[in-house]
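Reading the structure
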Amino acid sequence: MVPTSPPPKEVQSDEKWTEEEDQSRRAKWWYSTFHTVTAMIGAGVLSLPYAMAYLGWGPGTMALVISWCMTLNTMWQMIQLHECVPGTRFDRYIDLGRHAFGPKLGPWIVLPQQLIVQVGCDIVYMVTGGKCLKKFMEMACTNCKQLKQSYWILIFGGIHFFLSQLPNFNSVAGVSLAAAIMSLSYSTIAWLGSLTHGRIDNVSYAYKKTSPADYMFRVFNALGQISFAFAGHAVVLEIQSTIPSTPEKPSKIPMWKGAVVSYFINAICYLPVALIGYWAFGNDVDDNVLLNLKKPEWLIASANLMVVIHVIGSYQVYAMPVFALLEGMMVKRLNFPRGTGLRLVTRSAYVAFTLFMGVTFPFFGDLLGFFGGFGFAPTSYFLPSIMWLIIKKPKRFSTKWFINWASIFIGAFIMVASTVGGFRNIIADASTYRFYT
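Given the structure is predicted, the values throughout are model-derived calculations rather than measurements.

What follows concerns the overall build of the chain. Looking only at helices and strands, one finds 15 helices and two strands in the chain. In the chain, which comprises 437 residues, the share counted as buried stands at 57%. Across the chain, every contact between residues at least 6 apart in sequence was considered, and the portion connecting residues at least 24 apart equals 83%.

Printed below as a string of structure tokens:
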């Protein structure tokens, strides 16, 4: 529907124009950079050395490089598809899914995967925020009474009951910028700290000794941890929707500029952390490499606090599209009036749900692998390629045709393998889990 009074020459969404939407389309290109950095560089970067411990030097490095190249290509495709129909903006992943797969099939294909990514990330970030907050306080105040990890997760979750009331992406821009800076900072501390620490005594890069079946599942889980590290695609269209667009200056130009910068930052964070962390600790590395670093204490404590600040921003970036979806359902199905009351009810309920799940299932490493395979592989690796083939219809056996089919096959393998590996590891490690620790 073409609105009656939009800004001049603005390329419109097919939904009704509102004053709130007008306010949300004023982002600059650098907004997309730190929103994407915040969404992508999160808890997953600290688990990359742990994934390397199961994959080894060659396969591990290759998996990282291939994932970086593949997901950069699929992000470019999504940015291009945002306005693939002249005069229409597909502001959400589900909107693009409806266009590609049809109004009935599209939501069933896209929405479950996107929700797994967004809700899964927020649950994992609850756990990560609580763990790092606990670690920071233990290092900063050695004489203080130590609280259970569950209490720290509750404290971290309490912050989001307030931040979740911010109305849209632009309103969390400052939080997202701080989070992006923190992600670059603690990634640098992680690899510089590992480099300064040097290799541990009797460091081993040999594959871990275990049964062949167990090792295979651990490798599958490691692939899921790597796919978790490339998770920004689930919110890329929502981020792009905040950028103004005209026929002369379509939003894909500044959005791609911001994406390229964010992927450069991604590379200088991921590769050094993964390779130097594995070099320093070998197959004895923890699933959070910061836990291997002990000195200098003030720097490691600072890094843990930086992780807390970062996942505060990451939580909000992933939660904003879910908030919009929940509020839309409340308005359409229950005739709930828009306003402060709607935000207070729906957003507080969502924060409470993710907080409960985080407190109940604080299994950081295995959660990364499971969610990484089941949700992140489709949204980041192969759903964009499938939609590109359907919408753009590249010539058969052309370069783009081959690249997209390769992404589909590799992404599907990662999805199946890491989902099975992550789920199996959760079951295998269940005896060591401590609920409500």
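This brings us to the nonpolar core. If you look at the biggest cluster of nonpolar residues, it comprises 110 residues, and the most contacted ones within it are I226 and Y270. Look past the residues within four positions of I226 in its chain and what remains in contact with it is L48, A51, L55, A63, L64, S67 and Y381.

Glancing now at unusual backbone geometry. Its identity as a non-glycine residue notwithstanding, N202 has a phi of 55°, on the positive side. Its location among the elements puts N202 in the loop between helix 8 (173–197) and helix 9 (212–228). Its identity is not glycine, yet K393 carries a phi of approximately 50°, on the positive side. Relative to the assigned elements, K393 resides in the loop between helix 14 (364–392) and helix 15 (399–428).

Below, the discussion takes up the packing of aromatic side chains. Taken as a whole and assessed by the stated rule, the structure comprises 17 aromatic pairs. Here a set of aromatic residues connected by ring pairs shows up, and it is made of F397, W401, F402, W405 and F409. Above the face of the W388 ring, K392 is positioned so that its terminal group lies 5.7 Å from the ring centre.

Here we come to the confidence of the model for the chain. For the chain, mean pLDDT is 81; residues scoring 70 or higher make up 88% of the total. Helix 4 (residues 57–81) holds the highest mean pLDDT among the elements of the chain, 92, whereas strand 1 (residues 12–13) holds the lowest, 46. Long-range and interchain partners of residues 1–22, a stretch whose pLDDT sits below 50, account for 43 contacts in this model, where long-range means more than four residues apart.

In this section: the pattern of salt bridges. Where charged atoms of side chains with opposite charge meet at close range, the side chains can pair. All told, the structure shown has five salt bridges when counted by the stated rule. R98 serves as the salt-bridge partner of D95, at 3.1 Å between the closest nitrogen and oxygen. With D95 and R98 both in helix 5 (residues 93–101) and three residues apart, the pair spans about one turn of that helix. A network of salt bridges, in which partner residues are shared, links R92, D95 and R98.

Definitions and cut-offs
- Residues numbered from 1 in each chain as written.
- Predicted model: local features only at pLDDT ≥ 70, side-chain atom pairs only at ≥ 80, totals over all residues.
- Heavy atoms only, no water.
- Helix = DSSP H or I, 4+ residues; strand = E, 2+ residues; numbered from the N terminus.
- Buried < 20%, exposed > 50% of the residue type's maximum accessible area, 1.4 Å probe, protein only.
- Contact = heavy atoms within 4.5 Å.
- Core = buried A, V, L, I, M, F, W, Y, C linked by side-chain atoms within 4.5 Å.
- Phe/Tyr/Trp six-rings, centres within 6.5 Å; stacked < 30°, edge-to-face > 60°.
- Lys NZ or Arg CZ within 6 Å of the ring centre and 35° of its normal.
- pLDDT = per-residue confidence, 0-100.
- Salt bridge = Lys/Arg side-chain N within 4 Å of Asp/Glu carboxyl O.

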